[in-house]
Amino acid sequence: MGMKSKYVHLFIAELHFPHLERVETYKSQLRRWITGNVTECPHNLFIFDEVDKMHPGIIDAVKPFLGSYGEIDGVNYRKSIFLFLSNTAGTDIAYKALQYWDEGKKREDISRKEMEEVIRQSAYNEEGNTECF
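Note that the structure is predicted; figures quoted are calculated from it, not measured.

Notes on the pairing of strand E3 (residues 81–84)
Within a regular strand, the side chains alternate between the two sheet faces. Pairing analysis gives four bridges linking strand E2 (residues 45–49) to E3, with the strands arranged parallel. Across the sheet, the residue bridging to Phe 48 is Phe 84, located in E3. In this view, the connection linking E2 to its parallel neighbour E3 by way of helix H3 (residues 56–66) has right-handed handedness.

Right under this line is the structure:
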């Protein structure tokens, strides 16, 4: 069933959380949505797309469900998967690949370590980011 499964939940920043003045409402709704679905079935996939465009408060609402707690209010969230997608570092990744191409190298030769550093630096330097990876 894939994305059509009732256990797969997709949240897109600009579609589902478009108004900054409603962040508190979104947080409350999101907590209830996650709790309700995990209560019904512990195996859920929650996908958050465009996290880089999402108000930090929305992510803060999800953080309690990501911990290693056995249960929160009698509900176990450890069997659910939370996936966060972002375009952070997209331009820098493309630039790194272009740099390799300019040097006559294949992009497949870019090491994982090099790419992790590109992503780390880009995420760290992104406006509003206060956490270092």
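Points about the packing of aromatic side chains
Applying the stated criterion across every chain, the model contains six aromatic pairs. A centroid spacing of 5.1 Å and a plane angle of 15° characterise the contact between Phe 11 and Phe 48, whose relative ring orientation is stacked. Of the two residues, Phe 11 is situated in strand E1 (residues 8–12) and Phe 48 in strand E2; the sequence distance between them amounts to 37 residues. There is no split in this pair, since Phe 11 and Phe 48 are both buried. Aromatic side chains Phe 46 and Phe 82 sit 5.0 Å apart centroid to centroid with 20° between the ring planes, which places their arrangement in the stacked category. Highlighted residues: Phe 46 in strand E2 and Phe 82 in strand E3, separated in sequence by 36 residues. Phe 82 matches Phe 46 in its accessibility class, with the two residues each being buried.

A look at the pattern of salt bridges
The tally for this structure, following the rule as stated, stands at nine salt bridges. A salt bridge links Glu 24 to Lys 27, with the nearest nitrogen and oxygen atoms 3.4 Å apart. Taken together, the positions of Glu 24 and Lys 27, both in helix H2 (residues 23–40) and three residues apart, correspond to about one turn of that helix. Residue class for Glu 24 comes out exposed when judged on its relative accessible area of 55%. Judged by relative accessible area, which is 13%, Lys 27 ranks as buried. Between Glu 116 and Arg 112 there is a salt bridge, and its shortest N-O distance comes to 2.8 Å. Of this pair, Glu 116 and Arg 112 are both found in helix H5 (residues 112–125), four residues apart, which corresponds to roughly one turn of the helix.

As for the nonpolar core
Among the nonpolar cores identified, the biggest contains 19 residues, and Leu 30, Ile 34 and Phe 48 are the most heavily contacted of them. Only H2, E2 and H3 provide two or more residues apiece to this core. Here this core gets five residues from one element, more than from any other, and that element is H2. Setting aside residues up to four positions removed in sequence, Ile 34 forms contacts with Phe 46, Phe 48, Val 62, Phe 65, Tyr 77 and Phe 82.

Here is what the cut-offs are and how they apply
- Residues numbered from 1 in each chain as written.
- Predicted model: local features only at pLDDT ≥ 70, side-chain atom pairs only at ≥ 80, totals over all residues.
- Heavy atoms only, no water.
- Pairing = 2+ DSSP bridges.
- Helix = DSSP H or I, 4+ residues; strand = E, 2+ residues; numbered from the N terminus.
- Right-handed = clockwise from strand over helix to strand, strands pointing away.
- Phe/Tyr/Trp six-rings, centres within 6.5 Å; stacked < 30°, edge-to-face > 60°.
- Buried < 20%, exposed > 50% of the residue type's maximum accessible area, 1.4 Å probe, protein only.
- Salt bridge = Lys/Arg side-chain N within 4 Å of Asp/Glu carboxyl O.
- Core = buried A, V, L, I, M, F, W, Y, C linked by side-chain atoms within 4.5 Å.
- Contact = heavy atoms within 4.5 Å.

Worth remembering: the numbers are spatial, not functional.
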